[in-house]
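Each chain is listed here by its residues.
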Amino acid sequence: MPLDARLRDLLVCPQCKGGLAEVDGGQSLLCDRCKLRYPVRAGIPVMIPAEAEDLRTGQPAFAGSSVKLARVAFRVISGPDENLVFHIEQGTCRAIGRAAADPNKTAVFNVDIALALDDGTKSLILQYIGRQFQKSGAEFQGGGERLGAFRRAPDVVLSDPSLSRLHAMVFSDGENIAILDLVSKNGTYVNGREIESRMLARGDTVELGDTTIAFEK
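All of these numbers come straight from a predicted model, not from anything done at the bench.

Undergrad: What exactly am I supposed to notice about the pairing of strand S14 (residues 177–181) here?
TA: For S14, a buried count of five out of five residues is recorded, marking the element as mostly surrounded by other parts of the structure. Across the two faces of S14 the burial is the same, with Ile177, Ile179 and Asp181 and Ala178 and Leu180 all buried. For strand S13 (residues 168–172) and S14, the ladder comprises five bridges, and the chain directions are antiparallel. If you follow Val170 over to S14, its bridge partner there is Ile179.

The following block contains the structure:
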């Protein structure tokens, strides 16, 4: 069954919000920016990143995500903290930001939550969670500070002076990994494109200031 042209024109890629091209005789929708091909089944587009094919690998974008996304790794591949690895667990979110200039306040790394959220930033985060993860209705277990359904895990505090104090936040709901720019001064980029928010796929690179972080596994 062919895809209705009016519906096709209304659709955008859920990751980058860019336009889509009809391919495979109307059986798929292609996001050239993200290199994702979304299936069209019985005339109904399936706009779920986990269902899309990643053209870079020829595999589902989140193959085996129910297991592998329980804990994923990021590695700093360039910048002052090169080779540093940090993880994000299912049901958590982590802020990424710059260490304070005061050396007495920079000793904590990946241990405590050190980056305070003002009311405006917290509101931005909660609005994003409600919009992007509205289908993830379950409250994840665990103590500590909570932002919507997510538990806030220790911050990733980097020494790159070009980062904002609160630069971005990463989220994992066990199926998807997402990043949200926190209205940073120098912006957040994924694979060279500036974003406000974005679902991430393995192999993506995130640029924040002079730091580049790779989503490894």
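Undergrad: How should I be thinking about helix H3 (residues 119–132) in this particular structure?
TA: What sets the pattern is the α-helix's 3.6 residues per turn: residues three or four places apart point alike. Here H3 spans 20 Å end to end across 14 residues, near enough to the 20 Å set by a 1.5 Å rise per residue. Among the residues of H3, Thr121, Ile125, Tyr128 and Ile129 are the ones counted as buried. Looking straight down H3, one finds that the buried residues subtend no more than 100 degrees of arc, so they occupy a single side. Across H3 from its buried face, at more than 90 degrees, point the exposed residues Asp119 and Arg131. Buried positions along H3 lie against strand S10 (146–147), strand S11 (150–152), S13, S14 and strand S17 (197–200). Among the residues of H3, the N-terminal cap falls to Asp118, whose side-chain oxygen and the backbone nitrogen of Gly120 are separated by 3.2 Å.

Undergrad: Which parts of the structure should I look at to understand the pattern of salt bridges?
TA: Should their charged atoms come close, side chains of opposite charge can pair. Inspection of the entire model under this criterion finds six salt bridges. Here Glu216 ties to Arg75 by a salt bridge, and the two come within 2.9 Å at their closest N and O atoms. Of the two residues, Glu216 is situated in the segment after strand S19 (211–215) and Arg75 in strand S7 (residues 71–78); the sequence distance between them amounts to 141 residues. Looking at Arg75, the relative accessible area reads 28%, which means it is partly exposed. Through salt bridges that share partners, Asp24, Arg37 and Glu53 make up one connected network.

Calculation criteria
- Residues numbered from 1 in each chain as written.
- Predicted model: local features only at pLDDT ≥ 70, side-chain atom pairs only at ≥ 80, totals over all residues.
- Heavy atoms only, no water.
- Buried < 20%, exposed > 50% of the residue type's maximum accessible area, 1.4 Å probe, protein only.
- Helix = DSSP H or I, 4+ residues; strand = E, 2+ residues; numbered from the N terminus.
- Pairing = 2+ DSSP bridges.
- Expected span 1.5 Å × (residues − 1).
- Arc of directions from axis to C-beta.
- Contact = heavy atoms within 4.5 Å.
- Polar contact = N/O pair within 3.5 Å; in protein donor to acceptor, adjacent residues only side chain to side chain.
- Salt bridge = Lys/Arg side-chain N within 4 Å of Asp/Glu carboxyl O.

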